[in-house]
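For reference, the chains in residue letters:
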Amino acid sequence: MKNLIQKLVESIGPSGYESAVREIVRDEVAPFAEEIRIDALGNLIVRKGSKTKSGMRLMLAAHLDEIGLIATHIDENGFIRFSTLGGVRPNNCPGGRVRFMNGVEGVIGIERLENPDRPFSIEQLYIDVGAASRQDCPIKVGEVAAFYRPMLDLGGRIAAKSMDDRIGVAVLVESLRQLKKTPHEIYFVFSVQEEVGLRGATTAAFALDPDLGLAVDVTLTGDTPKGVKMEVALGKGPAIKVRDGKMLSDPRLVQYLIETAEKAKGPYQLEILEGGTTDASVIQITRAGIPSGCISIPCRYVHSPSEMVDYNDVQNAVKLLVTVLSNPIHLG
Ligand code: CO
Ligand code: ZN
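Now for a look at the structure at hand. Treat the numbers as computed from the prediction; the structure is a model and nothing was measured. (Residues numbered from 1 in each chain as written. Chains lettered and ligands numbered in written order. Predicted model: local features only at pLDDT ≥ 70, side-chain atom pairs only at ≥ 80, totals over all residues. Heavy atoms only, no water.)

**Quick notes on the packing of aromatic side chains**
Enumeration according to the criterion identifies one aromatic pair in this entry. On the numbers, 5.1 Å between centres and 65° between planes, the contact of Phe79 with Tyr126 is edge-to-face. Of this pair, Phe79 sits in the loop between strand 4 (68–74) and strand 5 (80–85) while Tyr126 sits in strand 8 (residues 125–128), and the two are 47 residues apart along the sequence. Lys2 extends its terminal NZ or CZ atom over the ring of Tyr311, reaching a point 4.9 Å from the ring centre. Looking at Arg287, its charged tip hangs above the ring of Phe206, at a distance of 4.1 Å from the centre. (Phe/Tyr/Trp six-rings, centres within 6.5 Å; stacked < 30°, edge-to-face > 60°. Helix = DSSP H or I, 4+ residues; strand = E, 2+ residues; numbered from the N terminus. Lys NZ or Arg CZ within 6 Å of the ring centre and 35° of its normal.)

Have a look at this one:
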């Protein structure tokens, strides 16, 4: 699975520009899918199974897009000013390397700060692609880029840009691969534009009108020096989301996921995330409402160029998901 993860995290797909990542996923799922379609926004929707008497129509979601940058102005010396696509934090930028969709790479520089103790903003940063003038600059206003780093394999743990949410994408692909038999009609939705407001999942959920929604995405951890106060830690298993900034998971689904994890003898932890959310929050309030939840992969340094996950958590997430999908689901 590490090869698949590497392929996914080393491709570039900022919000709205997911086509390269989508092509990789489409090739990976094709041998296992019963139906594949791409909707008007670009969501890749893959069906497996048909609804039996004991089954449900399920929508699973993992987002293809990653946070990115968009060129807003090129100055006369060829330096590119930019704004953001999604939650790019200024602190994670200086010295970073970026790659534009046309393959041009550059580094992020920062103006000399009047007061280095004060926080700085995105407006004080620029991208240097090695151009000497505006005429010489291979990037035009409106072109988009993402952080670029090769994946770092530390053995048990792996770090890369866009683990949020390529790791969720990898979990869905691997679960689809491993799933032998299911009573459910399952839609694996590889969604677009999550980082700019959960847009792809919003339209996909409306179209699919599922009985149950489940996102697979990353969550923060509380296990780093002076980090956020949070129980979730790397290596203690996939996290079953209880709540986040925009969603209270359906408590019956939380309970069902806990029982399933225990029956499968897999580790799990419970997630309470104060800020941030996932595609599940919009699936839940689609149409007349859909019971929804989320399986989260614990991840350090989310929205930085080096997001870190534990490989065992990833495999245990697949194990949990495959178990859930293979059996009838009973909600309280
Ligand atoms: Co994110
Ligand atoms: Zn995400």
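**Comments concerning the coordination of the zinc ion (ligand 2)**
Those protein atoms acting as donors to the zinc ion (ligand 2) are His63 (NE2), Asp164 (OD), Asp217 (OD) and Asp217 (OD), and they sit at 1.9 to 2.6 Å. Along the chain, the residues donating to the zinc ion (ligand 2) fall in the pattern H-x100-D-x52-D. Between the two metals, the zinc ion (ligand 2) and the cobalt ion (ligand 1), the spacing is 3.3 Å, and Asp164 donates to both. Taken together, the residues span a long stretch of sequence, with Asp164 in helix 3 (residues 163–178) and Asp217 in strand 13 (residues 212–219) at a distance of 53 residues. Judged by relative accessible area, Asp217 falls into the buried class, the value being 3%. (Donors = N, O, S within 2.8 Å, 3.2 Å for Na, K, Ca; no water. Buried < 20%, exposed > 50% of the residue type's maximum accessible area, 1.4 Å probe, protein only.)

**Let's talk about the state of the cysteines**
In this structure the tally under the stated criterion is zero disulfides. With no disulfide of its own, Cys294 has Cys299 as its nearest cysteine by sulfur position, at a separation of 13 Å. Cys294 gets classed as buried once you look at its relative accessible area, which sits at 0%. (Disulfide = S-S within 2.5 Å.)

**Focus on the sheet that holds strand 14 (residues 239–243)**
Read across the open sheet, the eight strands follow the order 1-2-12-3-13-16-14-15; overall the sheet is mixed. Two strands in the sheet have a free side with no partner beyond their single neighbour: strand 1 (35–38) and strand 15 (269–272). Across this sheet, the average inter-strand angle for adjacent strands is 25°, counted without regard to direction. Pairing between strand 2 (residues 44–48) and strand 12 (residues 185–191): five bridges, direction antiparallel. Each residue of the ladder has a partner; that of Arg47, found in strand 12, is Tyr187. (Pairing = 2+ DSSP bridges. Axes fitted to C-alpha atoms, helices over the stretch in contact; angles between N-to-C directions.)

Don't take any of this as a statement about function, it's just geometry.
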